[in-house]
Amino acid sequence: MGIRALGLCAALGLASFTAFADYSSATKDLKNEDYTAAFNEFKQLAQQGHAKAMYELARMYELGLGTEEDIYSAFSWYMIALDFGNDDAKDRYRKIRRLVPSRKEGKDHYKALARDFGFDVHQRVLAPVKDKSGHDARYITVKSKVEPEYGSSLAEVQSAWATVGFDVNQQGQVVNHRVIASFPKDVIDDAALEAISQWQYKVPNDYSGEPQAVYDLTHTFKLEASKKSHRREYESQLAEYAQKLKALAEDGNNYAQARYAMMLESDLIEQSKDHYLDWYYRAARNGNYDAQLWMVRCFEYGTACKADKDKAFSWLELASNSGNERAQYQLATKLLDYETIHYDLDRAADILRKATHNQYLPAMIAYAKLLAFADKESIRNYEEAVKYAELARSDAPDNPVLLSVLGVAYSELGRMQQGEKYLRQAYDEAKRRNWPTQNYLELMEGRASMMANGTSLIY
């Protein structure tokens with residue numbers, strides 16, 4: 001069972017977390033003289049507040065590596081890195097400022113860049129403030145739990161933990177459950193998955209009153225051996241595991257940073273002075289999608305930092321702009337909520353289309369719905385609504401939203417009987433799932449009225 005029997009990467013299982021680029025991969029590209037890739041990665045990380053990436057980006061501008069040589073951009077990024085506390089930037093800034101043709105133009109360039117990516121704007125828009133009050137406005141609650149069944153023989157000799165990631169569907173059932181990390185690997189994985197599959201949640205409603213699926217939840221199961229000798233051996237191996245994981249995290253691997261944060265959050269590392277918020281924040285700035293979405297939830301619900309809806313939205317935009325379809329879907333749902341200042345139908349449609357083309361099911365459902373029900377003619381498209389609804393039904397054949405989309409779209413396309421059939425199925429399925437049925441009932445009644453009067457109805 002010992003960690004020594006495994007290669008470090010296999011033991012740490014670093015491929016479980018998602019990332020676009022991180023500092024370690026960028027420095028590797030730089031070392032391998034893949035300057036274009038390194039430049040693009042450092043630039044993305046620098047714009048997210050990564051101080052070391054700012055220094056490397058300035059250096060690449062100074063030397064013309066992966067980009068055109070630009071003394072003013074080098075000067076400005078060294079200054080911003082210095083503002084973020086990068087000590088290495090101090091000496092380079094002192095040297096390069098002598099080379100700037102115009103000190104005034106250099107400072108003007110710095111001020112313009114700092115307006116978007118400087119320390120002050122980062123603190124205002126993205127940086128967390130620890131909140132020790134314990135406030136945690138849970139957006140989803142557990143109705144019933146089932147504990148894993150480990151077996152008496154295993155529980156006597158083995159300590160272990162397993163962190164499970166999962167989604168909750170609109171019925172409050174756990175779906176897409178998978179082991180994110182475990183130690184020792186595979187000891188309690190199956191028991192943890194079996195237990196979490198039986199949990200039941202109370203889900204919130206979305207802006208339209210329908211039950212809202214919730215994504216990217218985690219829970220850590222722990223088993224402690226009854227024999228002290230086995231507990232001591234496990235604790236020694238776990239300490240070594242955590243030490244090596246932190247070393248990778250310190251080197252700039254965002255998988256390791258997010259994993260280390262998760263272990264801290266789950267109290268799996270004893271006597272550590274590190275705080276999981278700091279490491280999630282570090283991983284988020286280093287391009288880890290899971291950590292960025294964790295920051296969204298932190299600001300949204302005040303789970304470890306001072307709640308701040310604007311910062312939550314900023315992190316969601318940042319993750320979405322990086323191409324993360326989960327973030328794109330979540331951002332689109334914010335933009336579709338007409339009760340918020342972020343309401344933007346056109347932008348939501350554009351974002352959902354991108355996530356749909358990445359075959360992300362929640363986005364496909366939302367996009368099909370928008371194409372069928374949008375009150376804006378430039379977005380509404382019944383042929384496209386049918387196409388995407390049918391594609392999504394390959395994974396969710398009885399989803400009431402998709403059935404209602406087909407009902408409305410086929411009716412508007414002149415296929416009244418087919419449309420009426422799908423609307424009846426949507427109502428029946430929503431009722432079976434204990435969803436609110438008023439919307440589906442009104443759709444059926446609206447279609448009947450439309451057929452009687454020969455008029456069109458947009459729901």
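Residues numbered from 1 in each chain as written. Predicted model: local features only at pLDDT ≥ 70, side-chain atom pairs only at ≥ 80, totals over all residues. Heavy atoms only, no water.

Bringing the overall build of the chain into the picture now. Along the backbone of the chain there are 22 helices and five strands. Its C-alpha atoms give the chain principal-axis dimensions of about 80 × 70 × 40 Å. In the chain, which comprises 459 residues, the share counted as buried stands at 51%. The long-range share in the chain, meaning contacts at least 24 apart out of those at least 6 apart in sequence, stands at 63%. For the chain, the accessible area works out to roughly 22500 Å², and carbon and sulfur atoms hold 45% of it. (Helix = DSSP H or I, 4+ residues; strand = E, 2+ residues; numbered from the N terminus. Buried < 20%, exposed > 50% of the residue type's maximum accessible area, 1.4 Å probe, protein only. Contact = heavy atoms within 4.5 Å. Areas by Shrake-Rupley, 256 points an atom, 1.4 Å probe, with all protein chains shown as cover.)

Time to look at the packing of helix H5 (residues 71-83) against helix H7 (residues 103-117). Helix-helix packing: each pair is described by the crossing angle between the helix axes and the interaxial distance. H7 packs onto H5 with a crossing angle of 55° between their chain directions and a minimal axis gap of 9 Å. Taken together, the axes of H5 and H7 are oblique relative to one another. Along this stretch, H5 crosses H7, giving a crossing that reads as right-handed. Along its contact with H5, which presents Tyr72, Ser73, Phe75, Ser76, Trp77, Met79, Ile80 and Asp83, the element H7 presents Glu105, Gly106, Lys107, His109, Tyr110, Leu113, Ala114 and Phe117. Counted by class, the contact of H5 with H7 contains nine nonpolar, four polar and three charged residues. (Axes fitted to C-alpha atoms, helices over the stretch in contact; angles between N-to-C directions. Parallel < 35°, antiparallel > 145°, perpendicular 65-115°, else oblique. Left-handed = near helix turned anticlockwise from the far one by under 90°. Nonpolar A, V, L, I, M, F, W, Y, C, P; charged D, E, K, R; others polar.)

It is worth spelling out the sheet that holds strand E2 (residues 160-168) at this point. An order of E3-E2-E5 is seen for the three strands of this open sheet, with the pairing classed as antiparallel. Each edge of the open sheet is held by one strand with a lone partner, namely strand E3 (174-183) and strand E5 (214-223). For this sheet the average axis-to-axis angle between neighbouring strands, irrespective of direction, equals 20°. Note that E2 and E5 share eight bridges and pair antiparallel. (Pairing = 2+ DSSP bridges.)

The subject of this paragraph is the side chain of Asn288. Along the chain, Asn288 turns up in the loop between helix H13 (276-285) and helix H14 (289-301). Among the polar contacts made by the side chain of Asn288, one reaches the main-chain amide nitrogen of Asp290 at a distance of 3.1 Å. Polar side-chain contacts of Asn288 include one of 2.9 Å to the backbone nitrogen of Ala291. (Polar contact = N/O pair within 3.5 Å; in protein donor to acceptor, adjacent residues only side chain to side chain.)

Before going further, it helps to spend a moment on the environment of Ser152. Considering the arrangement of structural elements, one finds Ser152 in helix H9 (residues 152-157). We classify Ser152 as exposed; its relative accessible area is 65%. Taking the C-alpha atoms as reference, Ser152 lies 51 Å from Phe42; in sequence the two are 110 residues apart.

It is worth spelling out the nonpolar core at this point. Within the largest apolar cluster, 94 residues are counted, with the highest numbers of intra-cluster contacts made by Trp161, Met263, Met295, Trp315 and Leu352. The greatest single-element share of this core, amounting to ten residues, is contributed by helix H18 (residues 361-373). Leaving out residues up to four positions away in the same chain, Trp315 has contacts with Leu126, Tyr281, Ala284, Arg285, Gln292, Met295, Val296 and Phe299. Membership of the second largest hydrophobic core comes to 33 residues, among which are Phe39, Ala46, Tyr72 and Tyr78. (Core = buried A, V, L, I, M, F, W, Y, C linked by side-chain atoms within 4.5 Å.)

Time to look at the packing of helix H16 (residues 325-335) against helix H17 (residues 345-357). Viewed as axis vectors pointing N to C, H16 and H17 meet at an angle of 160°, and their least axial separation amounts to 9 Å. By the angle between their axes, H16 is roughly antiparallel relative to H17. Handedness of the crossing formed by H16 with H17: left-handed. In contact with Glu325, Gln328, Tyr329, Leu331, Ala332 and Leu335 of H16, H17 contributes Leu345, Arg347, Ala348, Ile351, Leu352, Lys354 and Ala355. Here the contact of H16 with H17 is composed, by residue class, of nine nonpolar, one polar and three charged.

Here the chain is partitioned into domain 1 (23-126), domain 2 (141-298) and domain 3 (359-445). When each unit is reduced to the centre of its C-alpha atoms, the spacing between domain 1 and domain 2 is 36 Å. Opposite the ten residues of domain 1 that make contact, domain 2 presents ten residues. Taking both partners together, domain 1 and domain 2 bury about 700 Å²; carbon and sulfur atoms supply 38% of that area. On the domain 1 side of the interface with domain 2, the three residues burying the most area are Tyr23, Ser24 and Gln48, jointly 46% of the side's total. (Domains from an automatic or database assignment. Buried area = accessible area lost by both parts, 1.4 Å probe.)

Spanning twelve residues, helix H12 (residues 254-265) covers 16 Å between terminal C-alpha atoms, matching the ideal 16 Å at 1.5 Å per step. Counting buried positions along H12 gives ten out of twelve residues, so the element sits mostly inside the fold. By the burial criterion, the buried members of H12 are Asn254, Ala256, Gln257, Ala258, Arg259, Tyr260, Ala261, Met262, Met263 and Leu264. Capping of H12 at its N-terminal end is provided by Asn253; its side-chain oxygen lies 2.9 Å from the backbone amide nitrogen of Tyr255. (Expected span 1.5 Å × (residues − 1).)

Take the state of the cysteines next. Scanning the model with the defined rule gives one disulfide in all. Bridging Cys298 to Cys305, the disulfide has an S-S length of 2.3 Å. (Disulfide = S-S within 2.5 Å.)

Quick look at the pattern of salt bridges now. In the structure shown here, the tally under the stated rule is 23 salt bridges. Glu56 serves as the salt-bridge partner of Arg59, at 3.7 Å between the closest nitrogen and oxygen. Of this pair, Arg59 and Glu56 are both found in helix H4 (residues 51-63), three residues apart, which corresponds to roughly one turn of the helix. Between Lys104 and Asp108 there is a salt bridge whose closest N-O contact spans 2.9 Å. Within this pair, Lys104 and its partner Asp108 are both found in helix H7, separated by four residues, close to a single helical turn. The exposure class of Lys104 is exposed, given its relative accessible area of 59%. Exposure remark for Asp108: the relative accessible area of 37% places this residue in the partly exposed category. (Salt bridge = Lys/Arg side-chain N within 4 Å of Asp/Glu carboxyl O.)

Let's shift gears to a positive patch on the surface. The grouping of Lys95, Arg97, Arg98, Arg103, Lys107, Lys111 and Arg115 at the surface amounts to a positive patch. Examined against the element boundaries, Lys107 turns out to sit in helix H7. (Patch = residues over 30% accessible without salt bridge, like charges linked within 9 Å, V, L, I, M, F, W, Y side chains within 5 Å. Lys, Arg positive; Asp, Glu negative; His and termini not counted. Charge placed at Lys NZ, Arg CZ, Asp CG, Glu CD.)

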